[in-house]
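Residues per chain, in single letters:
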Amino acid sequence: MAKKRVVVSFDFDNDRHYRALLNAFAGNPNIDIDFADMTPSEIQSDQVDRIKAVLTTKISQATHMLVIVGEHINAPHRNRAKIGEINWQLWEIKKAVELRKPIIAVKLDRSYSTPALLGQGVTWIHSFNRSALEEVLGN
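Conventions used here
Per chain, residue numbering runs from 1 following the sequence as it is written. Reporting in this predicted model follows two pLDDT cut-offs: at least 70 for local features of residues, and 80 or more for side-chain atom pairs to be given and counted; totals over whole chains, interfaces and linings ignore these cut-offs and use all residues. The basis for every side-chain value is the complete set of non-hydrogen atoms in the structure, without hydrogens or water. What is called the bend at a residue is the angle between a pair of axes, fitted to the seven residues leading up to and ending at it and to the seven starting from it. Numbered from the N terminus, helices here are DSSP runs of H or I no shorter than four residues, and strands are runs of E no shorter than two. Burial status follows relative accessibility: with a 1.4 Å probe on protein chains alone, a residue under 20% of its type maximum counts as buried, one over 50% as exposed, and anything between as partly exposed. Should any heavy atoms of two residues lie within 4.5 Å, those residues are considered in contact. Between N or O atoms, a polar contact is any pair within 3.5 Å; within protein, one atom must be a potential hydrogen donor and the other a potential acceptor, and residues adjacent in sequence are included only when both atoms are from side chains. When DSSP finds two or more bridges between a pair of strands, those strands are recorded as paired. Angles shown run from 0 to 180 degrees and are taken between the N-to-C directions of axes, each axis being a line fitted to C-alpha atoms and, for helices, limited to the stretch in contact. Definition used in this section: a nonpolar core is a set of buried Ala, Val, Leu, Ile, Met, Phe, Trp, Tyr and Cys residues joined via side-chain atoms within 4.5 Å. One speaks of a salt bridge when a side-chain nitrogen belonging to Lys or Arg is within 4 Å of a carboxyl oxygen belonging to Asp or Glu.

Student: Tell me about helix α1 (residues 12-26), and please be specific about residues and values.
Tutor: Of all the bends in α1, the greatest, near 25 degrees, is centred on Y18. Three or more residues of α1 are buried, namely D15, R19, L22 and F25. Structurally, α1 contributes buried residues whose contacts are with β1 (4-9), β2 (33-36), β3 (64-69) and α6 (130-137). Its side-chain oxygen at 2.9 Å from the backbone nitrogen of D13, D11 defines the N-terminal cap of α1.

Student: Describe the pairing of strand β4 (residues 103-107), and please don't skip the residues or the numbers.
Tutor: Across a regular strand the side chains alternate sides, sitting on one face of the sheet and then on the other. In terms of burial, β4 is a largely internal element, 4 of the 5 residues being buried. Judged from the 5 bridges that link them, β3 and β4 form a sheet pairing that is parallel. Within β4, the position partnered with M65 by the bridge is I103. Pairing of β4 with strand β5 (residues 123-125) involves 3 bridges; the strand directions are parallel. Bridge assignment links I104 to a residue of β5, and that residue is T123.

Student: Please give an account of the sheet that holds β3 that cites residues and values.
Tutor: One open sheet accounts for 5 strands, arranged β2-β1-β3-β4-β5; its pairing is parallel. Here the strands that pair on one side only, and so sit at the sheet edges, are β2 and β5. Sheet twist, expressed as the mean angle between neighbouring strand axes with direction ignored, is 30 degrees. Sheet contacts for α1: β1, β2 and β3; angle to β2, the most-contacted strand, approximately 150 degrees.

Student: Outline helix α5 (residues 88-98), supporting the account with residue identities and numerical values.
Tutor: α5 sits mainly inside the fold: 8 of its 11 residues count as buried. All of the buried residues along α5 are W88, Q89, L90, W91, E92, I93, K95 and A96. Next to the buried residues of α5 lie β1, α3 (48-61), β3, α4 (80-83) and β4. Count one or two residues on from α5 and you reach R100, which has phi positive near 60 degrees.

Student: Tell me about the nonpolar core, residues and numbers included.
Tutor: Membership of the largest hydrophobic core comes to 17 residues, with the highest contact counts inside it found for L22, F25, F35, L66, I68 and L133. Those elements that place two or more of their residues in this core are β1, α1, β2, β3, β4 and α6. If one sorts the elements of this core by residue count, α6 sits on top with 3 residues. Not counting the four nearest positions on each side in its chain, L66 is found in contact with V6, V7, V8, S9, L22, I104, V106 and L133. Grouped together as the second largest cluster of nonpolar side chains are 16 residues, I73, L90, A96 and L118 included.

Student: Go over the pattern of salt bridges, please, and point to the residues and values.
Tutor: Under the counting rule described, the total for this entry stands at 3 salt bridges. A salt bridge links E98 to K95; its shortest N-O distance comes to 3.0 Å. Of this pair, E98 and K95 both sit in helix α5, 3 residues apart, which is roughly one turn of that helix.

Structure below.
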């Protein structure tokens, strides 16, 4: 079975510890999942066009997108006018939809609002854990 390449969409300022947990999952030799990094430090740019280009490449190369729905998923970014969406996370989701990437989403808390972009066709995980992710990815 080919290794799954999962790009992760998350709020860097508030939910990066969940991204770190995914790195620990991927460190398990029994898991055939590679989590692609889209964090600002990985991209190393503040230029919106450059960030969009890098994100588009990473999303294009992925087999799936995992969206971590945290408390601030709908919070406006200071550059939202340049981004073209309310924030980077919603731009990433829109790009994944455009590129027809399967989207997996997990809400960190039931009370957090779900972006409208996460409509039909999204596979939901009801708990942020390795076994749930492996099950949905078919590992």
